[in-house]
Amino acid sequence: SVISLHDVSNLYRVPLLLSEQNVGMLICQHFGFPLTGSASPTIKLPEDALLTEIHASRLGDWAVVPNRMDECREEVVIAVVGKYTGNVDAYISVVKALQHASLEAGLRLRLEWVESSELEPNVQRSEPKRFESAWEALKAADGVLVPGGFGNRGIEGKIMTANYCRTSRVPYLGICVGFQTAVIDFARSELGWDGANSTEFDEHTPHPVVVFLPESSTSVMGGTMRLGSRATIIKDTNSLTHQIYGKRPVIYERHRHRYEVNASCVPAFEAHGLRFTGQDDRAQRMELCELTGHPFFVACQFHPEFKSRPSQPSPLFLGLVLAAKGLLESRIKSDGGKLKAGAGFA
């Protein structure tokens, strides 16, 4: 058989192109699988997003996704401030999660890649044009995402990004290191803790607000990360993150880190408005934080991008995208007082 795979308007149309040529039937015949003749659901969508004829057609539910992508016209600009922007595949999970969230929100995503080191004062002195260009891109964005990473290169730029978003009321989502740099900025700027840092970046910091996992070894690198799906208890039922996660008291997200917020500093942070709304099941590890009075300043220790799907975007990514266009408050209201990821397809 000859199968055509010509260019299509978006990646999500490829399964439809294959289905039109009965590729599924050919594969079943080749391997001797029984042909039931029935069409099974492929993705989870709200019932009111599916027409009767869609239920009966093969991949009819999947077609909702590429059709929505082609129909999106209003643009949302998200700046991704990272240290591996020379190879954007390093952030492929983050990019896909942003695409899923924008698709559900009915928005066309445009990414602005910002190299975090180019936001730092030393670049302003040595390469002023690169410095100005980086800051222009950051300030032109509707929302900002700071993803994870390792090592101290570009960390001050990430800290400055958190400061800019916090003080300018720009929607901000920090993931892993983006969570930690938001905490470092708050300690320096709001608590007056000069030199506050993570022990990953400065072992001799006078204010270690981020520390190495106490049960891990600092000398043995292999197998020392806190990995996998773990429970987060959302303790503050009046928080934005509680609404974003559908008012669920317990969520499960995937982890990949060696450092965490110093729990002994939490009372000082919360007294000044940085609330740690989600903690682990022993209330010892900080998992989620948000800033009181800000439209969307949220950060998490875990990696929500790993569980995002085209029809079921990560709640935090969906919250960022909606907040970036000023739509989050009205969406939560229309969803009945809590964000229902996937409901945007209805």
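Please refer to the structure higher up on the page.
Read on for an overview of the structure. In this convention, every chain numbers its residues from 1, walking through the sequence in written order. With pLDDT at 70 or above as the cut-off, local features in this predicted model cover only qualifying residues; side-chain atom pairs require 80 or more to be listed or tallied, and sums for whole chains, interfaces and linings still use all residues. Just so you know, side-chain values use all the structure's heavy atoms and leave hydrogens and water out.

**Notes on the packing of aromatic side chains**
Here is the rule we go by: Think of it this way: a Phe, Tyr or Trp ring, Trp meaning its six-membered ring, pairs with another when their centres are within 6.5 Å, and the plane angle makes it stacked under 30 degrees, edge-to-face over 60, tilted otherwise. For the purposes of this entry, the term helix denotes a DSSP run of H or I that reaches at least four residues, the term strand denotes a run of E that reaches at least two, and both are numbered from the N terminus. Think of it in three bands: residues with accessible area under 20% of the maximum for their type are buried, residues over 50% are exposed, and the middle band is partly exposed, with areas taken using a 1.4 Å probe on protein chains only.
Applying the stated criterion across every chain, the model contains 12 aromatic pairs. With a centroid separation of 5.9 Å and an interplanar angle of 65°, the aromatic rings of Y12 and W62 are classed as edge-to-face. One end of the pair, Y12, is in the segment before α1 (14–20); the other, W62, is in the loop between α3 (52–56) and α4 (64–71), and 50 residues separate them in sequence. For Y12, a relative accessible area of 9% translates into the label buried. Between W135 and Y164 the ring centres are 6.2 Å apart and the planes differ by 85°, which places this aromatic pair in the edge-to-face class. Taken as a pair, W135 in helix α7 (residues 128–140) and Y164 in helix α8 (residues 155–168) lie far apart in primary sequence, 29 residues in all. Taken together, the ring pairs connect F179, F186, W193, F269 and F276 into an aromatic cluster.

**Topic: empty space enclosed by the protein**
Definition in use: Put plainly, a pocket is an open set of points on a 1 Å grid over the protein atoms alone with protein on both sides within 12 Å along at least five of seven lines, a cavity is a set where a 1.4 Å probe fits but cannot get out, and a lining residue has an atom within 4 Å of a point. Grid points are joined across faces, edges and corners, and a volume is the space filled by probe spheres set on the points. Gly falls in the polar group here, along with every residue not listed as nonpolar (Ala, Val, Leu, Ile, Met, Phe, Trp, Tyr, Cys, Pro) or charged (Asp, Glu, Lys, Arg).
Using the criterion set out here, one finds one cavity of 30 Å³ or more in the structure. As a volume, the largest cavity reaches approximately 60 Å³. Along the walls of the largest cavity sit G149, F150, C176, V177, Q180, E200, R256, H257, R258 and Y259, which together make up its complete lining. Listed by contribution, the elements that provide at least two residues to the lining of the largest cavity are α9 (177–189) and β8 (250–257). When grouped by side-chain class, the residues that make up the lining of the largest cavity number four nonpolar, three polar and three charged.

**Here's the deal with the sheet that holds strand β6 (residues 208–212)**
As a reminder, the rule being used: DSSP calls a pair of strands paired once it identifies at least 2 bridges connecting them. The contact criterion used is simple: two residues touch if any of their non-hydrogen atoms lie within 4.5 Å. Note on geometry: axes are C-alpha line fits, over the in-contact stretch for helices, and angles between N-to-C directions span 0 to 180 degrees.
In space, the three strands of this open sheet follow the order β5-β6-β9, with mixed pairing throughout. The strands lining the two open edges of the sheet, one partner per strand, are β5 (197–198) and β9 (259–261). Relative to β9, β6 is paired through three bridges, and the arrangement is antiparallel. When the bridges of β9 are listed, V210 appears paired with V261. Along the sheet, α9 makes contact with β5, β6 and β9, crossing β6 at roughly 150°.

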